[in-house]
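Okay, here's what each chain looks like letter by letter:
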Amino acid sequence: MGALGNVLDWTRNQVVSRVPKANLDQRDPDYIRDQLPFTWLIASLYFRADVRGLDRIPPEGPVLLVGNHSGGNVPPDTFVFTLAFCSYFGVERPFYQLAHNLVVSAPPLGWLRKFGTVAANHENAQLALESGAALLVYPGGDYEVFRPSWERHKVDFGGRMGYVKLAREAGVPIVPVAAVGGQESSLFLNRGQWLAKLLMADKLLRLKSVPISLALPWGLNISDLAGHIPLPTKIVIEVQEPIDPDGDDQAVHDKVLASLQDGVDRLASERRFPVLG
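Bear in mind that the values here come from a model prediction, so they are computed numbers and not experimental data. (Residues numbered from 1 in each chain as written. Predicted model: local features only at pLDDT ≥ 70, side-chain atom pairs only at ≥ 80, totals over all residues. Heavy atoms only, no water.)

Draft legend 1. Representation of the sheet that holds strand β9 (residues 219-222). Pairing in this open sheet of three strands is antiparallel, and the strands run β7-β8-β9 from one edge to the other. Edge positions in the sheet fall to β7 (187-190) and β9, since each has one partner strand and no second. Averaged over all pairs of adjacent strands, the angle between strand axes in this sheet comes to 30°, irrespective of strand direction. Of the pairings in the sheet, the one linking β7 to strand β8 (residues 212-215) comprises three bridges and is antiparallel in character. Across the sheet, residue L187 finds its bridge partner in β8, namely L214. (Pairing = 2+ DSSP bridges. Helix = DSSP H or I, 4+ residues; strand = E, 2+ residues; numbered from the N terminus. Axes fitted to C-alpha atoms, helices over the stretch in contact; angles between N-to-C directions.)

Draft legend 2. Representation of the sheet that holds strand β6 (residues 174-180). Spatial strand order, β1-β10-β6-β2-β5-β3-β4: seven strands in an open sheet with mixed pairing. Here the strands that pair on one side only, and so sit at the sheet edges, are β1 (50-52) and β4 (117-119). Direction aside, neighbouring strands of the sheet carry axes that sit 25° apart on average. Relative to strand β10 (residues 236-239), β1 runs parallel, the two being bridged by three bridges. Bridging across to β10, V51 finds its partner in I237. Docked against the sheet, helix α3 (residues 76-89) engages β1, β2 (63-67), β3 (95-99), β5 (134-137), β6 and β10, running at close to 170° with respect to β3. Against the sheet, helix α8 (residues 162-170) engages β2, β5 and β6, with an angle of about 165° to β2. (Contact = heavy atoms within 4.5 Å.)

Draft legend 3. Here's a closer look at the environment of R152. The topology assignment puts R152 in the loop between α7 (141-145) and α8. Overall, R152 belongs to the partly exposed group, its relative accessible area being 27%. Separated by 116 residues in sequence, R152 and A268 place their C-alpha atoms 9.5 Å apart. Excluding anything up to four places from it in sequence, R152 contacts R147, Q183, E184 and P274. (Buried < 20%, exposed > 50% of the residue type's maximum accessible area, 1.4 Å probe, protein only.)

Listed below in structure tokens is the structure:
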């Protein structure tokens, strides 16, 4: 295990070294302004985007937006909400989104950094909030985003609650953001946590899941690293009432989960058919 451990450490360090350091100045309001009309048109026509309750977000200052996450490596909920936020509050309001290392380090996805996407870690989150920005996080990460499609309306962070401490230390409210529709963009069959361990992706790439799904254009899709073409599922998002992060971590976490689950259940009850909405 000594030699293997050295190889794993070397590989892990190589991956980490290629993750761009968070630079909040990479967010480009002019770029967002130029892209917003066309991208919002795509969101409106292809995903029939319906975003509600943006007025519940404090109109200025730092805030931690906590959402349930769906759609694999091509999550339409993030796409739709980012466009809606920028349209509602204006591109000048600083707004950042945390994403997995592999997302922010992939050369074809460099444009995401212009929209404010940074690597998901505690330091980057603190940096964004200390700058006075709104920050969108998905505590469920790859555990939640790759859940089977028949669990599409289940909010499950996998026990992760570090975001509560983050909000309390920064002195900002937590605003839950509930979304439905994203887990219908493909047919997700299995999280593939066993496969991640078998391939050592959990140690090398910080990937706890190597999911198995049926997705366009691949058919059987293993890992989703190459992404997929999402089905034109209707995306509905609703911002919930802010929650004060002061208090016991577990109690605050439970409030956030309950708020999100109530929102998801309410939105899900309006849907008549998968994808069609």
